[in-house]
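# Commentary on secondary and tertiary structure
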Amino acid sequence: MNSAKQDVEVRSVPRAEGTGGTPALKTDKKAERMPLIAGVLDHGGPGYVQFAITNICNAKCEFCSFAAGRFAPKQRRSVTLEEACEAIDICANNRIGYLLFVGGEPMVHKDLLAMVAHTAKRRLRPMICTNGSLWNETNIKQYTAAGLSSVIMSIDAPDAAIHEKHRGLPGVCVKIKRANELFSELGVETIASVTMSRLVGDYGRLPGFLRELGFSRCTFSYPLTTLGSSYLSYSSSTLVEYTDEELINAFEEVKKLKRARKITIINPTESLSEMQRHIRGQKERFGCLGGYKYFYLDWNLDLYRCHYWEKPMCHIRDFSSDKLVRDGCTRCMIDCYRDPSVLQFIAVNASDAWNHLKHGHVLKAMRHVFDPRNLISLRSVWENRGWIGGV
Ligand code: SF4
Ligand code: SF4
């Protein structure tokens, strides 16, 4: 998946193992909310990890260096189930609330189902970001029963033929459509992830095509031509190379699409504007929470603050609060980190205010309370209230 998205919230709750795809367990919403509110005040709410469990992929996307045949077979790596479970346990002990399985293509990993089940058992919300080519009725029911919270599936163009040709996956759109139907019946949220590339062409055609495939929500991945970490979902392809002006206009197109409401666009408007400020070299308003709330974990179990960062923070076994970084970084424009940083700003700022108050630092607390960005963040949350159901 290109620049996989994780800023999704999940409206379903973890399901009991072995329930055979039955509807979500009934939970006491009030009881769920109390620890969440306490967590927001204490530390700004749950974080997420994007866990790349393998660098192998069955697709051939031109704008991605994970593409099949792009690297030597001896460079292929996957985590073992045992390693993954240990990593999930460590995440659970480090205030991670959401785990997004990515690849390569995560569904080529034979133990993904067991990893999803273990994640749900540890009361983290498991999500999968996939090209959708490996879904079938049986595994959709199995993943749902194992506690899968939501699914992100990539779409490259408002046209099945262009999408399938670019992915090298003939017939994948039919599979995606069927998967959307089944997940909808089973109460699992699905979201289309569209990379802003030249394959999109006319943005106005996207809502109709996405709806035809059964999506009601869509998130845009901002184009990437370079990353410093081990993550390879980028390339120097002309499909994702834009002049500054072209890119600013592309963001304007996404904003227009969002206003038109023919399909729900998840990227906050403020984040789209923030990326336009980034391209223009203007001062950005929201420092990124990559390395503080959001992380990238690779198949070697090296934990990075994000896909962009050159060096890992530590091995997952050494993950602890003293490794966290919060420096207001604005180095890149990866949607997976920049979008949620706008949304979660209000929660992190509330936590800052609360912790200052607890220590008697009233003036410092007030500075956080009256930070004008709180309103912007709150507006972004409100804008996305339809899908930020569970938080
Ligand atoms: S974008 Fe996703 S599906 Fe395409 S080659 Fe990269 S990892 Fe595979
Ligand atoms: S702005 Fe980019 S480089 Fe900086 S922490 Fe966020 S994702 Fe990483």
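Remember, it's a predicted structure, so these values are computed and weren't measured experimentally.

Our focus in this paragraph is the confidence of the model for the protein. Put simply, the protein has an average pLDDT of 91, and 91% of its residues get 70 or more. Counted against residues more than four places away or in other chains, residues 1-27, with its pLDDT under 50, gives 116 contacts.

Before going further, it helps to spend a moment on the site of ligand 2. In the region of ligand 2, the neighbouring residues are Cys288, Gly290, Arg305, Cys306, Tyr308, Trp309, Cys329, Thr330, Arg331, Cys332, Tyr337 and Arg338. Broken down by class, the residue content of the shell around ligand 2 amounts to 7 nonpolar, 2 polar and 3 charged.

Turning to its location among the elements, Lys258 is positioned in helix α8 (residues 244-260). Lys258 sits in the buried class, given a relative accessible area of 11%. A polar contact of 3.4 Å, which involves the side chain of Lys258, links it to the side chain of Glu383. Ignoring sequence-local partners within four residues, the contact set of Lys258 consists of Ile265, Ile266, Asn267, Pro268, Thr269, Leu272, Glu383 and Asn384.

Let us now look at the packing of helix α3 (residues 112-121) against helix α4 (residues 137-146). Contact geometry of α3 with α4 gives a least axis separation of 8 Å together with a crossing angle of 25 degrees. By the angle between their axes, α3 is roughly parallel relative to α4. Contacts between α3 and α4 pair Leu112, Leu113, Val116, Ala117 and Ala120 from the former with Gln142, Tyr143 and Ala146 from the latter. Of the residues contributing to the contact of α3 with α4, the split by class is 7 nonpolar, 1 polar and no charged.

With respect to the element layout, His166 can be found in helix α5 (residues 160-167). Among residues more than four places away in sequence, those in contact with His166 are Lys60, Cys61, Glu62, Phe63, Asp156, Leu199 and Leu239.

Looking now at the nonpolar core. The biggest cluster of nonpolar side chains holds 105 residues, and the ones touching the most others in it are Phe51, Trp135 and Phe220. In terms of residue count, the dominant contributor to this core is helix α6 (residues 172-186) (7 residues). Once residues lying within four places of it in the same chain are set aside, the contact partners of Trp135 are Met107, Ile128, Thr130, Ile140, Tyr143, Leu148, Val151, Met153, Lys175, Ala179 and Phe183. Within the second largest apolar cluster, 5 residues are counted, among which are Ile191, Ile266, Leu343 and Trp387.

About the thresholds
Residues numbered from 1 in each chain as written. Chains lettered and ligands numbered in written order. Predicted model: local features only at pLDDT ≥ 70, side-chain atom pairs only at ≥ 80, totals over all residues. Heavy atoms only, no water. pLDDT = per-residue confidence, 0-100. Contact = heavy atoms within 4.5 Å. Near = heavy atom within 4 Å. Nonpolar A, V, L, I, M, F, W, Y, C, P; charged D, E, K, R; others polar. Helix = DSSP H or I, 4+ residues; strand = E, 2+ residues; numbered from the N terminus. Buried < 20%, exposed > 50% of the residue type's maximum accessible area, 1.4 Å probe, protein only. Polar contact = N/O pair within 3.5 Å; in protein donor to acceptor, adjacent residues only side chain to side chain. Axes fitted to C-alpha atoms, helices over the stretch in contact; angles between N-to-C directions. Parallel < 35°, antiparallel > 145°, perpendicular 65-115°, else oblique. Core = buried A, V, L, I, M, F, W, Y, C linked by side-chain atoms within 4.5 Å.

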